[in-house]
Amino acid sequence: MSTLFKDRRPVEDEWVMVDGEQPIPTGVKVIVPLARYLEDPEAIKGPVGVLVEAGESLDGLRGHGGGLDLIALDFPSYADGRAFSKVRLLYEEWGFEGDIRAVGDVRIDQVLFMERCGFTSLLVSHQPTVDSLTAGHDPGIGHFYQPAAGAEVAASVPNRPWLRHRAG
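Residues numbered from 1 in each chain as written. Predicted model: local features only at pLDDT ≥ 70, side-chain atom pairs only at ≥ 80, totals over all residues. Heavy atoms only, no water.

**Side note on the packing of aromatic side chains**
The condition is simple: Aromatic pairing here means that ring centres of Phe, Tyr or Trp (its six-membered ring) are within 6.5 Å. Orientation follows from the plane angle: under 30 degrees is stacked, over 60 is edge-to-face, and everything else is tilted. To qualify as a helix, a DSSP run of H or I must reach at least 4 residues; to qualify as a strand, a run of E must reach at least 2; elements of each kind are numbered from the N terminus. When a residue's accessible area, from a 1.4 Å probe over protein chains only, is under 20% of the maximum for its type it is buried; when over 50% it is exposed; and in between it is partly exposed.
Across all of its chains, the model carries 3 aromatic pairs by this definition. On the basis of an interplanar angle of 75° and a centroid distance of 5.3 Å, the ring pair of Phe75 and Phe84 is categorised as edge-to-face. Ring plane angle 85° and centroid distance 6.5 Å describe the contact between Phe84 and Phe119, whose orientation is recorded as edge-to-face. Placement of Phe84 in helix 2 (residues 82–93) and of Phe119 in the loop between helix 3 (108–117) and strand 8 (121–124) is noted, with a sequence separation of 35 residues between them. One exposure class covers both Phe84 and Phe119, and it is buried. Taken together, the ring pairs in this structure connect Phe75, Phe84 and Phe119 into an aromatic cluster.

In structure tokens form, the structure reads like this:
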């Protein structure tokens, strides 16, 4: 069982994950595997998202991003960070404005970095992480030495104009 988090709060997941060749339900928001979407993007009606597995390239999505409402990037293991690079490409270079979701083996110590890279939602199945986020535990540090996506402000520290901290 997985729990969806936005802004570190649990929310209801309105999206249905469609596996492999399973029939695509109508009248609901669906997430389909990247390869299935690229076979025939026009065949899927209504709000659509794609699941990009860790080893898959985003290149096939170039030019399709405007037709997508959600892109889910897979973390098959907490030690596999390929999705961090992909989210930066989607956010910074492609200007994707939809929901960018982290799915798979999402752990509490990665949450802050996922937010800083541009993930807008996290589908968490690791129960200790679900418990920590639900309880409102802050999973990270408050000051940063490099800019990132999201709300950060200058820390106003003399001789350190690059220093940032989380807004709010």
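**Description of the pattern of salt bridges**
Put simply, the rule reads: What counts as a salt bridge is simple: a side-chain nitrogen of Lys or Arg found within 4 Å of a carboxyl oxygen of Asp or Glu.
Under the definition given, this model contains 8 salt bridges. When the shortest N-O distance is used, the salt bridge between Glu115 and Arg8 registers 2.7 Å. You can see Glu115 sitting in helix 3 and its partner Arg8 sitting in the loop between strand 1 (3–6) and strand 2 (9–11), a full 107 residues away along the chain. A residue is classified by how much of its surface remains accessible, and Glu115, at 26% relative accessible area, is partly exposed. Taking relative accessible area as the criterion, Arg8 reaches 21% and is therefore assigned partly exposed. One salt bridge connects Asp99 with Arg101, and the closest N-O pair in it is separated by 3.9 Å. What makes Asp99 buried here is its relative accessible area of 10%. Sharing partners across several salt bridges, the network here consists of Lys6, Asp13, Asp99 and Arg101.

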